[in-house]
Amino acid sequence: MTDTTPSQRAQRWLDAFGAALASGQPENALPLFDDDCYWRDLVSFTWNIRTQEGHDAVRDMLAARMADTAASNFQLEGEATEADGVTEAWFTFETKVSRGRGHLRLKGDKAWTLLTTMVELKGFEEKKGPRRIKGAEHGVHKGRKSWLELRQDEQARLGYEEQPYVVIIGGGQGGIMLAARLRRLGVPTIVVEKNEKPGDSWRKRYKSLCLHDPVWYDHLPYLPFPDDWPVFAPKDKIGDWLEMYTKVMEINYWGSTTAKKASYDEAKGEWSVVVDRNGEEVTLRPKQLVFALGVSGYPNVPKIAGAETFEGDQHHSSKHPGPEAYAGKKCVVLGSNNSAHDICAALWEHGADVTMIQRSSTHIAPSDSLMELALGGLYSEEAVKNGIDHHKADLIFASVPYKIMHSFHIPVYEAMKKRDADLYSRLEKAGFLLDFGDDGSGLFMKYLRRGSGYYIDVGASELVANGSIKLKSGVNIERINPKSVTLTDGTELPADLIVYATGYGSMNHWLADLVSPEVADRVGKVWGLGSNTTKDPGPWEGELRNMWKPTNQQQLWIHGGNLHQSRHYSQFLSLQLKARYEGLDTPVYGQAAVHHLR
């Protein structure tokens, strides 16, 4: 150990690993891994997104995939580093059909974590850099068409005279990013979106909505935001960027189009997707169908006795028009996560009398603390100065297996508790129910496990703490009256407005309605890790359920997540789809079992 540099140790491990794979004997690789080991593979070995945990899982995967993958040429990229007894190194490699990039953590001379990712398919690379198309058609001949004429011809034919290989249902950020990657890979794709224009799903949200994630975390593929883009972008600015992006990336985007029904023809190996496009019924017949409808399903609107008698306004947070009409009005917001806090704060700013109904405990992460303690090392101006752009940051993030990720996060939120102790103390004094996750691992683990239960504080928590936003905690609405609500503790609150900031159902509710309940149940629950924590029932999955990888319904995929996830994982979903488009053999290893339905 002492006579070698971190880079020498890492390359020595990579050489030994390459030799073990070349031997054709899975057992030869096992001594290179620590007893506590994790190998996370993004498509390159498994044609899946899968983490092998422990020696047995590594051996089983290699036994199934070693020969066919034919991985080789493991080369250190840059210099390895060492801290706290752990050596970290980047490397490149190739398989029979692809080129890849990976990350390695060594404890001593043995692998603790290993990440392998597919970067590109050999022979099917993006036409970029030296491979870029000429664009101009030099020379003179009759009937030559301009770029615009060719683009208009394509838009007129695709979906009518020619069928797309992929249809993406959902034209928000996720669908747009995936379509951009597929366009670069030459895969004919149509995005179907009920709104008229790209970005409308952002424009139609409540007036005060801004991103709570910082700009460095939110770039789209290929076209990063300008270097003067706001740290926290307003919703309409994001909407305009998505509209521009869709146009310049030449995405075939069918706005004002509603997917009505989809069915899979097993004999033909294709989907039939019936859509209403501006009043015209069109049937699309793609080979691959992607649902990109966010991380959630339909809005959860609780059924409360007496709701039909209410004389004021009531709506889900997704339909909230903004605070302007409610100055001087009595407003009740049911919920205590991001949307609830944002809406309460905006209503208070416009002179409303606002009460938040907190049914269960909520994790609060002050934005400045989250930026500095949790995200700053990877997604910040300082990180960029240190050579960590969003591409590298994404891979560092991906290199931490979900099984041990909480242990990386707990110290962050312990520090946050100390840093923001005054705010937390005043919130609890006001009666607010606080938590930091079941195991103290905070916001991002809550997001991965259940997709709810937190607020990134950009100001509303102070209003709760000082009583500007009134609070009723540990209760629910038991009954709605014509001009008030009655809570489960017997309290009656006058109300002119009720906002249900009550979240969303599972994403595969969309599948049940658009395809069938049987297909929805075949796919199973979407999102969550199986951590056996609140709202994330076990058994342990090791990866997010059904996201960005093959599902148990042939040729059906789920894409989504926040801007960071949509950017990062669209790469791996697009490569899986491209491989199938080109007819490559894609044997999926470790297809996840279904343990939960909707």
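Everything here concerns the structure above.
Given the structure is predicted, the values throughout are model-derived calculations rather than measurements. (Residues numbered from 1 in each chain as written. Predicted model: local features only at pLDDT ≥ 70, side-chain atom pairs only at ≥ 80, totals over all residues. Heavy atoms only, no water.)

(A) Representation of the sheet that holds strand β9 (residues 253-254). The strand order across the open sheet formed by five strands is β9-β8-β7-β13-β24, and the pairing between neighbours is parallel. Both outer strands of the open sheet, β9 and β24 (556-558), are each paired with one neighbouring strand and no more. The pairing of strand β8 (residues 189-192) with β9 spans two bridges and is classified as parallel. Counted as the bridge partner of valine 192 is tryptophan 254 from β9. In the packing of helix α4 (residues 173-184) onto the sheet, the strands contacted are β7 (166-169), β8, β9 and β13 (288-291), and the crossing angle to β7 comes to about 165°. (Pairing = 2+ DSSP bridges. Helix = DSSP H or I, 4+ residues; strand = E, 2+ residues; numbered from the N terminus. Contact = heavy atoms within 4.5 Å. Axes fitted to C-alpha atoms, helices over the stretch in contact; angles between N-to-C directions.)

(B) Seen up close, the packing of aromatic side chains. A complete count under the given rule lists 27 aromatic pairs for this structure. With 6.1 Å between their ring centres and 15° between their planes, phenylalanine 33 and tryptophan 39 make a pair best called stacked. Assigned by exposure class, phenylalanine 33 and tryptophan 39 land together as buried. Aromatic ring contacts, followed pair by pair, group Trp13, Phe17, Phe33, Trp39, Phe45, Phe74, Phe91 and Phe93 into a single cluster. Over the face of the ring belonging to tryptophan 112 we find lysine 107, whose NZ or CZ atom lies 4.2 Å from the ring centre. The lysine or arginine in question, lysine 237, covers the ring of tryptophan 229, its NZ or CZ lying 4.5 Å from the ring centre. (Phe/Tyr/Trp six-rings, centres within 6.5 Å; stacked < 30°, edge-to-face > 60°. Buried < 20%, exposed > 50% of the residue type's maximum accessible area, 1.4 Å probe, protein only. Lys NZ or Arg CZ within 6 Å of the ring centre and 35° of its normal.)

(C) Broad picture of the nonpolar core. Within the largest apolar cluster, 135 residues are counted, with the highest numbers of intra-cluster contacts made by Ile168, Leu284, Phe291, Val333, Leu347 and Leu448. Tallying contributions element by element places helix α17 (residues 563-581) first for this core, with seven residues. Dropping the residues within four chain positions of it, isoleucine 168 is found in contact with Gly175, Leu178, Ala179, Leu182, Thr189, Ile190, Val191, Val192, Val290 and Ala292. (Core = buried A, V, L, I, M, F, W, Y, C linked by side-chain atoms within 4.5 Å.)

(D) Structural view of the side chain of aspartate 536. Structurally, aspartate 536 can be placed in the loop between α16 (517-523) and β24. One polar contact links the side chain of aspartate 536 to the main-chain amide nitrogen of glycine 530, over a distance of 2.9 Å. Within the structure, the side chain of aspartate 536 is placed 2.6 Å from the side chain of serine 531, a separation counted as a polar contact. Non-local contacts of aspartate 536, meaning those with residues more than four positions away in its chain, are made with Arg449, Gly528, Leu529, Gly530, Ser531 and Arg545. (Polar contact = N/O pair within 3.5 Å; in protein donor to acceptor, adjacent residues only side chain to side chain.)

(E) Representation of a negative patch on the surface. A cluster of acidic residues, Asp227, Asp228, Glu381 and Glu382, forms a negative patch at the surface. In this fold, glutamate 381 is placed in helix α9 (residues 381-385). A relative accessible area of 45% places glutamate 381 in the partly exposed class. (Patch = residues over 30% accessible without salt bridge, like charges linked within 9 Å, V, L, I, M, F, W, Y side chains within 5 Å. Areas by Shrake-Rupley, 256 points an atom, 1.4 Å probe, with all protein chains shown as cover. Salt bridge = Lys/Arg side-chain N within 4 Å of Asp/Glu carboxyl O. Lys, Arg positive; Asp, Glu negative; His and termini not counted. Charge placed at Lys NZ, Arg CZ, Asp CG, Glu CD.)

(F) The sheet that holds strand β5 (residues 98-107), seen in detail. Strand order in the open sheet formed by six strands is β2-β1-β6-β5-β4-β3, with mixed pairing between adjacent strands. If you trace the sheet from one side to the other, it starts and ends with β2 (49-53) and β3 (72-83), each paired once. Adjacent strand axes in the sheet meet at a mean angle of 15°, parallel and antiparallel pairs treated alike. The pairing of β3 with strand β4 (residues 86-94) spans seven bridges and is antiparallel. By the bridge assignment, glutamate 77 is partnered in β4 with tryptophan 90. Running over the sheet, helix α2 (residues 55-69) touches β1 (33-42) and β2 and is turned about 45° from β1. Against the sheet, α17 engages β1, β2 and β6 (110-121), with an angle of about 60° to β6.

So yeah, pure geometry; function would need other evidence.
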